[in-house]
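Fold and geometry: a report
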Amino acid sequence: MADAAVELVLRSTRVITPGGTRAASVAVAAGKITAVLAHDAEVPAGARLEDFGDDVLLPGLVDTHVHVNDPGRTEWEGFWTATRAAAAGGITTILDMPLNSLPPTTTVDHLRIKQDVARAKAHVDVGFWGGALPDNVKDLRPLHDAGVYGFKCFLSPSGVEEFPQLDQERLATSLAEITGFGGLLIVHAEDPHHLDSAPQNPGPKYADFLASRPRDAENTAIQNLIDQARRLNARVHVLHLSSSDALPLIAAAKAEGVRITVESCPHFLTLTAEEVPDGATEFKCCPPIREAANQDLLWDALADGTIDCVVSDHSPSTADLKTGDFATAWGGISSLQLGLPAIWTEARRRGHTLEDVVRWMAAAPAALAGLDAKGAIEAGRDADFAVLAPDETFTVDPAELHHRNQVTAYAGKTLYGVVKSTWLRGTRIADHGTPTEPTGRLLERQN
């Protein structure tokens, strides 16, 4: 390790690299990983050594599905609180969704407003998705050129009036435009006709809410999306997959060469409909948390690659919007700080490894968004890390979360995996759950 430029060496008996887990020393200079070397490699003069013993050194996680709601609905969340929660949870990069903020990220001017708000508040690196609406096709190329990572649309009502859905005709128009400049469309895939025809029984019973968001709504929307992507040779991504019934459609499309990727979320992979108490609307999200048998199939699809990645879909609100009526309560799960331990707890129970978790929560989301400097511990990448004690447990206390509103479906759960520290470009940004001052940067798509 003779490179005089090395400023920092991080050492662990368990470093997760693209080539596997091994004892190693990771050299850092100017915020970049310069080499992954033998565990006992000599530390150059002037470099600082951080030895984590047997704690695991992971790449910083990448969460490509976060609703920060800033500006406009900052009583729900905000860049300061969201990025503190991310840092405390081992996440070093987030991509902000274009809606639930006011204004939504649907024009370049709106993007600049959001960037100006985020710049001084970011504890982690932050990039932005644009939005595809019925009336903003003309804005898509300028947003792409301004550096958004792709475009989100809804195929059913979004829940906020300023972000209307695309019908099939407008989906085709937007997708053709985005494909013309090599962009990516990410899709909330629920079919409005199936939702409209489903039984609507308001009240506190979770079974009634589950019946109001049937699997057929997801399955039909995904099949229609596959058909459009095939016809246009478009690149599309299915957000927050909940219905296991759609997995054969997705697997067949991938085998055929349709350019489709898929994410699921910690709540679909760790929580089940059977455990949701009536009135407990902290569990409400759309599409919904489904049954345990459905969850088993989602895990199978993660294992075989049909589902590519796991991201939070952190969609918080104030506590008063989580009314006891599932029909009227805000739909969204707050989990940004808890995604890594939640997934690791269930993954280890099912026989998966931390290497799998890193693939799902760091490498694959980084690849989805083209974040070439993120998602892996290897030379040339940003020196972004999480240090995890995988065999230690903690019990979720909402009061200890950095989310603006301490409402969480994970309250009281005991989880494996304590994040000891988080590092962004070689700087420690959280230590035992306590974030430092913000040093995050705003990211723009480079390719």
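Our subject is the structure listed above.
In this text, all values refer to a predicted model and were calculated from it rather than measured experimentally.

A count of helical and extended segments in the chain gives 12 helices and 18 strands. Computed over C-alpha atoms, the radius of gyration of the chain comes to 21 Å, within 12% of the 22 Å expected from 2.2 N^0.38 for 447 residues, which places it in the range of a compact globule. In terms of overall dimensions, the chain has a C-alpha envelope of 70 × 45 × 45 Å along the principal axes. Put simply, the chain has 447 residues, and 61% of those count as buried. Partitioning the intrachain contacts of the chain with sequence separation of at least 6 by distance along the chain shows that 74% fall at a separation of at least 24. Of the roughly 15700 Å² of accessible surface on the chain, 50% is carried by carbon and sulfur atoms. Here the chain contributes 39 positive and 60 negative side-chain charges, whose respective centroids are spaced 3 Å apart.

Another aspect to go through is the sheet that holds strand 11 (residues 184-188). Read from one edge to the other, the open sheet built from 6 strands follows the order 9-10-11-12-13-14, with strand pairing classed as parallel. Since the sheet does not close on itself, it has two edges, and those belong to strand 9 (130-131) and strand 14 (309-310), each with one partner. Relative to strand 13 (residues 260-264), strand 12 (residues 235-238) runs parallel, the two being bridged by 3 bridges. Looking at strand 13, one finds that His 237 is bridged to Thr 261. Lying over the sheet, helix 7 (residues 215-232) contacts strand 11, strand 12 and strand 13, oriented at roughly 165 degrees with respect to strand 12.

Right, let's get into the pairing of strand 2 (residues 20-29). The buried fraction of strand 2 amounts to 7 of the 10 residues, a majority that puts the element mostly inside the structure. Two strands pair when backbone bridges link them, and strand 1 (residues 8-17) and strand 2 are joined in this way by 8 bridges, in the antiparallel orientation. When the bridges of strand 2 are listed, Val 9 appears paired with Ala 27. Remark: 2 residues form the turn of the hairpin made by strand 1 and strand 2, two consecutive strands paired antiparallel. Bridge count for strand 2 against strand 3 (residues 32-38) is 6 bridges, and the pairing is antiparallel. Within strand 3, the position partnered with Ala 27 by the bridge is Ala 35.

The rules we used
Each chain has its residues counted from 1, following the order in which its sequence is written. Residues qualify for local features only when their pLDDT is at least 70, as the model is predicted, and side-chain atom pairs are given and counted only at 80 or more; totals for whole chains, interfaces and linings, by contrast, use all residues. The basis for every side-chain value is the complete set of non-hydrogen atoms in the structure, without hydrogens or water. Secondary structure counts use DSSP, requiring at least four H or I residues in a row for a helix and at least two E residues in a row for a strand, with both numbered from the N terminus. Here the radius of gyration uses the C-alpha set of atoms, whereas the globule reference equals 2.2 Å times the residue count to the power 0.38. Exposure classes here rest on a 1.4 Å probe applied to the protein chains alone. A residue is buried below 20% of its type maximum, exposed above 50%, and partly exposed in between. Two residues qualify as a contact provided that any one of their heavy atoms is within 4.5 Å of a heavy atom in the partner residue. Accessibility throughout is a Shrake-Rupley quantity obtained with a 1.4 Å probe, and a residue counts as covered only by protein chains that appear here. In this charge count, Lys and Arg are treated as positive and Asp and Glu as negative; neither His nor the chain ends contribute. Working definition for charges: the position is that of NZ of Lys, CZ of Arg, CG of Asp or CD of Glu. Criterion used throughout: strands pair if DSSP finds at least two bridges between them. The convention used is that axes are lines fitted to C-alpha atoms, helices contributing only their stretch in contact, and that angles between N-to-C directions extend from 0 to 180 degrees.

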